[in-house]
Amino acid sequence: MNTTAGTFFVLTPYLIAFVLGALLPRQKNAVERFGLGAVAALAVLFVKGMWPGAQADANPAGEWKNLLDVIVFLPLFGAVAVLFLPRQSPALLRKFTYAVLGVDFLVSLGLLSAPMTSGWHFQHVVEWIPSLGIRYHVAVDGLSFWLILLTTLTTPIAVHVSFGSVQTRVKDLCFAYLMLHGAMLGAFVSLDLFLFFVFWELLLVPMIILIGVWGGVEKIKAAYKFFLYTMTGSMLMLAAILYLVYTHDKLAGYPSFDYLALSRIVLPERAAWLCFLGFLAAFAIKVPMFPVHTWLPDAHVQAPTGGSIVLAAILLKLGTYGFVRFCMGMQGGPTWSAAATLGGVAVFGGILYGALVAWKQDDVKRLVAYSSVAHMGFVMLGLFAGNAAGVQGSMLQMLNHGVSTGALFLLVGVIYDRRHTRLARELGGLAKVMPVYAAVFVLVTMSSIGLPGTNGFVGEFMVVMGTFTSQVLGPKHSVSQGVGAAFGVVLAAVYMLSMVQKMFFGPLTNDKNRGLNDLNRRETIALAPLVVLVFVLGFFPNIFLSRMSAATDTLIDRFTESRKAYAGLGPDSDPILQPRRGGPFEQGYPEGPPQTAPTPAGGAEALNTHAGKVGGAP
């Protein structure tokens, strides 16, 4: 990071505080505005000066430790700034939101400067609440790297689409998208579990607003359902986090919410399973896995098009990412033991069940929603396989699903804006009047079903091969689940191609479809990057896989070590702390408060006596 850019970002918080303070008074008195702005900037300076100091920069040379801070907090500060902009100027609100998201995307491209070798990158650690062991600890590795870039790319697309169809309450819409964007990014980069939980809960609010304000006829029901499901899982995860912190305090002598510290804990059987189930509940609901998937179709159908894009492309990935990071990375023993059972749920309750239900849908958006359940089943199956092929295929499939399903929801929104219906039986013969739209829809459909040469093929192929060769699943389950997953690919082709046949081919019997316009400029701009990624991911997957490999190998090694340590404990054993592993993945480890030896009674006399004994005096 050069000196000019570094100085700019150091001064940015003070400039933002000054601007927000100056916007507060209703009067146009310049002196009053300047005074409040100066007070706000000085308040930020005071807080920064009183805040506990940051740890020494442990990043490789050339990596700016504040890059992730900018990526996460730029949209959050932007959301606050939107509240001070006039509601009566929707054009200004849209331009400001575009600017914030555009700058955030450009800044996130700075992550490409790191080769994602083994270890944490762009790490920043600052003490937050030292007495409770809570720190501001953010970093990125090969497991979160591409998910951050997917987020900074997809949210602007969703916002661009929404601005074309939503004309009411634009200020609230801009606030919701910016807040949601920052919260999702914060969850992907957090290595302190308290910080992760804050961002995890923060993203609920704007998503509920998007569904409940701009959704369909049953939007309130869908928003409540989404909230209740997610909050139930969150409370169980919070209980598991607090127990781990309590255990670490007993074992190490100081509390810590840090991922690096808590991942060393090995719990005996009963406690380990309770903590694992707490994390699993939160992440399985977010994915979602069967049988806690029922909130997803309702949320997708009722959400506006932009909300569905964000929900499918990014929000669901927080569940799969959380499972990788916090279940496999911290609870390796019960995760390994439950893998075969959970793999069966992913295949039969996710891939096959989701495909069969999608096949029977006439509502195109609900069909795509159930296809999400099926495709996320592939992602989870790859993680349960627990080997390099499965995990890397799963991570790649997260990106593939974000691109393909995000594009499908966008395309469904296009036809809904024109016809105000999503029923396939009302849309026959569209290829005759909307040829470009039909061509793009067919292309994205091919990518969704995994046609070779498109993005969906490599990820699904790696997941299936990883399942067949998995030692974690065992020889019996790996074969049956691999066969089930392969059959799920066939079913995906059946229900997706059936939908394409109903919508685009055959006679144009409905007169309401005769005058429909093809893709306009706004829709083409939104679809273009996703279409490009279909082929880039399909033909050049190693561009993405190469940056995952080091983090994947480390994850699998530690997953295996954790399982062995768990197997060595008896059911009545006490929890233990695994030895420090060292290496680049322990940079930023919370060392705890410094230990001060008690001064011996007698003060100077005691010290002199000790010195005399060391020197050999009687």
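Participant: I'd like a rundown of the side chain of Ser 447, residues and numbers included.
Facilitator: Mapped onto the fold, Ser 447 is located in helix H17 (residues 435-448). A residue is classified by how much of its surface remains accessible, and Ser 447, at 1% relative accessible area, is buried. Here the side chain of Ser 447 touches Val 444 through a polar contact of 2.7 Å, landing on its backbone oxygen. In contact with Ser 447, not counting residues within four places along its chain, are Ser 404, Thr 454, Asn 455, Gly 456 and Val 534.

Participant: Requested: an account of the packing of helix H15 (residues 364-385) against helix H16 (residues 388-419), with residues and values cited.
Facilitator: At a closest axis distance of 8 Å, the pairing of H15 and H16 adopts a crossing angle of 170°. It follows from the interaxial angle that H15 and H16 lie roughly antiparallel. Contacts between H15 and H16 involve Val 364, Lys 365, Val 368, Ala 369, Ser 372, His 375, Met 376, Val 379, Gly 382, Leu 383 and Ala 385 from the first element and Gly 390, Val 391, Ser 394, Gln 397, Met 398, His 401, Thr 405, Leu 408, Phe 409 and Val 412 from the second. Across the contact of H15 with H16, the residue classes tally to twelve nonpolar, eight polar and one charged.

Participant: Could you give an account of the packing of aromatic side chains, with specific residues and numbers?
Facilitator: Per the stated rule, a full pass over the model turns up 28 aromatic pairs. Ring geometry for Trp 120 versus Tyr 259: centroids 6.4 Å apart, planes at 85°, classification edge-to-face. Here the residue Trp 120 occupies a position in the loop between helix H4 (90-108) and strand E1 (121-129), and Tyr 259 occupies one in helix H10 (residues 259-262), the gap between them amounting to 139 residues. On the basis of an interplanar angle of 50° and a centroid distance of 5.7 Å, the ring pair of Tyr 437 and Phe 504 is categorised as tilted. Placement of Tyr 437 in helix H17 and of Phe 504 in helix H19 (residues 474-504) is noted, with a sequence separation of 67 residues between them. Summarising the burial analysis for this pair, Tyr 437 and Phe 504 share the class buried. An aromatic cluster is built from Trp 120, Phe 196, Trp 200, Tyr 259, Phe 279, Phe 283, Phe 326 and Phe 585, whose rings are joined through pairwise contacts. Over the aromatic face of Tyr 416 sits the side chain of Arg 422, whose NZ or CZ is 5.0 Å from the ring centroid.

Participant: How would you summarise the pairing of E1 if you had to cite specific residues and measurements?
Facilitator: Note that E1 and strand E2 (residues 134-140) share six bridges and pair antiparallel. Within E2, the position partnered with His 124 by the bridge is Val 138.

Participant: Describe helix H14 (residues 332-359), listing the residues and the values that go with them.
Facilitator: Along H14, the largest kink reaches about 55° and is centred on Ala 339. Among the 28 residues in H14, 21 count as buried, and that is most of the element.

Participant: For unusual backbone geometry, give the residues involved together with the corresponding values.
Facilitator: Of note, the amide linkage connecting Val 287 to Pro 288 takes the cis form, showing an omega dihedral of -5°. For Pro 288, the position within the fold is in the loop between helix H11 (269-286) and helix H12 (295-302). Pro 291 follows Phe 290 through a cis peptide bond whose omega is 5°. By the secondary structure assignment, Pro 291 is in the loop between H11 and H12. A positive phi angle is found at Phe 122, which is not glycine, with a value near 55°.

Participant: Provide a residue-level description of the nonpolar core, including the pertinent values.
Facilitator: Residues Leu 111, Phe 279, Tyr 437 and Met 503 are the most contacted members of the largest nonpolar core, which totals 202 residues. Split by domain, this core shows at least three residues from each of two domains, domain 1 (51-330 + 558-618) and domain 2 (334-539). Ignoring anything within four residues of it in the chain, the contact list for Tyr 437 reads Leu 411, Val 412, Val 414, Ile 415, Met 503, Phe 504, Asp 518 and Leu 519.

Participant: Got a sec to walk through the confidence of the model for the protein chain? Specific residues and values, please.
Facilitator: Per-chain confidence: the protein chain averages 86 in pLDDT, with 86% of residues scoring 70 or above. Within the model, the stretch residues 1-5 combines pLDDT values under 50 with three contacts to residues more than four positions away or in other chains. Low confidence marks residues 596-618, where pLDDT is under 50. Its contacts with residues over four positions away, or in another chain, come to three contacts.

Participant: Can you break down the pairing of E2 residue by residue, with the values?
Facilitator: The buried fraction of E2 amounts to seven of the seven residues, a majority that puts the element mostly inside the structure. Neither face of E2 is exposed, since Ile 134, Tyr 136, Val 138 and Val 140 on one face and Arg 135, His 137 and Ala 139 on the opposite face are all buried. The antiparallel hairpin formed by E1 and E2 contains four residues in its connecting segment, where Gly 133 sits at a positive phi of about 75°.

Participant: For a nonpolar patch on the surface, give the residues involved together with the corresponding values.
Facilitator: On the surface, a nonpolar cluster with roughly 510 Å² of combined accessible area is contributed by Phe 457, Phe 461, Met 465, Phe 468, Val 479 and Val 483. Mapped by element, the contributors of at least two residues to the nonpolar patch are helix H18 (455-468) and H19. As for its placement among the helices and strands, Phe 468 is situated in helix H18. Given a relative accessible area of 34%, Phe 468 falls into the partly exposed group.

Participant: Describe the side chain of Thr 335, naming the residues involved and giving the relevant values.
Facilitator: Considering the arrangement of structural elements, one finds Thr 335 in helix H14. Thr 335 sits in the buried class, given a relative accessible area of 3%. At a separation of 3.2 Å, a polar atom in the side chain of Thr 335 contacts the main-chain carbonyl oxygen of Cys 327. The contacts of Thr 335, once residues within four sequence positions are left out, are Phe 276, Phe 323, Cys 327, Met 328 and Phe 559.

Participant: Account for helix H5 (residues 145-165), with residues named and values stated.
Facilitator: The terminal C-alpha atoms of H5 lie 32 Å apart, and with 21 residues this matches the ideal 30 Å at 1.5 Å per residue to within 8%. The element H5 is extensively covered by neighbouring structure, given that 19 of its 21 residues are classed as buried.

Participant: A description of the environment of Pro 575 should follow, citing residues and the corresponding values.
Facilitator: Structurally, the position occupied by Pro 575 is in the loop between helix H22 (549-567) and strand E4 (576-577). Between the C-alpha atoms of Pro 575 and Ile 265, which are 310 residues apart in sequence, the distance is 7.0 Å. Residues within four places of Pro 575 in sequence aside, it is in contact with Thr 247, Leu 251, Val 266, Leu 267 and Pro 268.

Participant: Can you tell me about the packing of helix H6 (residues 170-189) against helix H8 (residues 204-214), naming the residues and giving the values?
Facilitator: Close contact between H6 and H8 brings their axes to 8 Å; oriented N to C, the two are set at 150°. Viewed along their axes, H6 and H8 adopt a mutual orientation that is roughly antiparallel. Handedness of the crossing formed by H6 with H8: left-handed. Contact residues: Asp 172, Leu 173, Ala 176, Tyr 177, Met 179 and Leu 180 in H6; Pro 206, Met 207, Ile 209, Leu 210 and Trp 214 in H8. Residues of the contact of H6 with H8, tallied by class, amount to ten nonpolar, no polar and one charged.

The rules we used
Residues numbered from 1 in each chain as written. Predicted model: local features only at pLDDT ≥ 70, side-chain atom pairs only at ≥ 80, totals over all residues. Heavy atoms only, no water. Helix = DSSP H or I, 4+ residues; strand = E, 2+ residues; numbered from the N terminus. Buried < 20%, exposed > 50% of the residue type's maximum accessible area, 1.4 Å probe, protein only. Polar contact = N/O pair within 3.5 Å; in protein donor to acceptor, adjacent residues only side chain to side chain. Contact = heavy atoms within 4.5 Å. Axes fitted to C-alpha atoms, helices over the stretch in contact; angles between N-to-C directions. Parallel < 35°, antiparallel > 145°, perpendicular 65-115°, else oblique. Nonpolar A, V, L, I, M, F, W, Y, C, P; charged D, E, K, R; others polar. Phe/Tyr/Trp six-rings, centres within 6.5 Å; stacked < 30°, edge-to-face > 60°. Lys NZ or Arg CZ within 6 Å of the ring centre and 35° of its normal. Pairing = 2+ DSSP bridges. Bend = angle between axes of the 7 residues up to and from the residue. Core = buried A, V, L, I, M, F, W, Y, C linked by side-chain atoms within 4.5 Å. Domains from an automatic or database assignment. pLDDT = per-residue confidence, 0-100. Patch = residues over 30% accessible without salt bridge, like charges linked within 9 Å, V, L, I, M, F, W, Y side chains within 5 Å. Areas by Shrake-Rupley, 256 points an atom, 1.4 Å probe, with all protein chains shown as cover. Salt bridge = Lys/Arg side-chain N within 4 Å of Asp/Glu carboxyl O. Expected span 1.5 Å × (residues − 1). Left-handed = near helix turned anticlockwise from the far one by under 90°.

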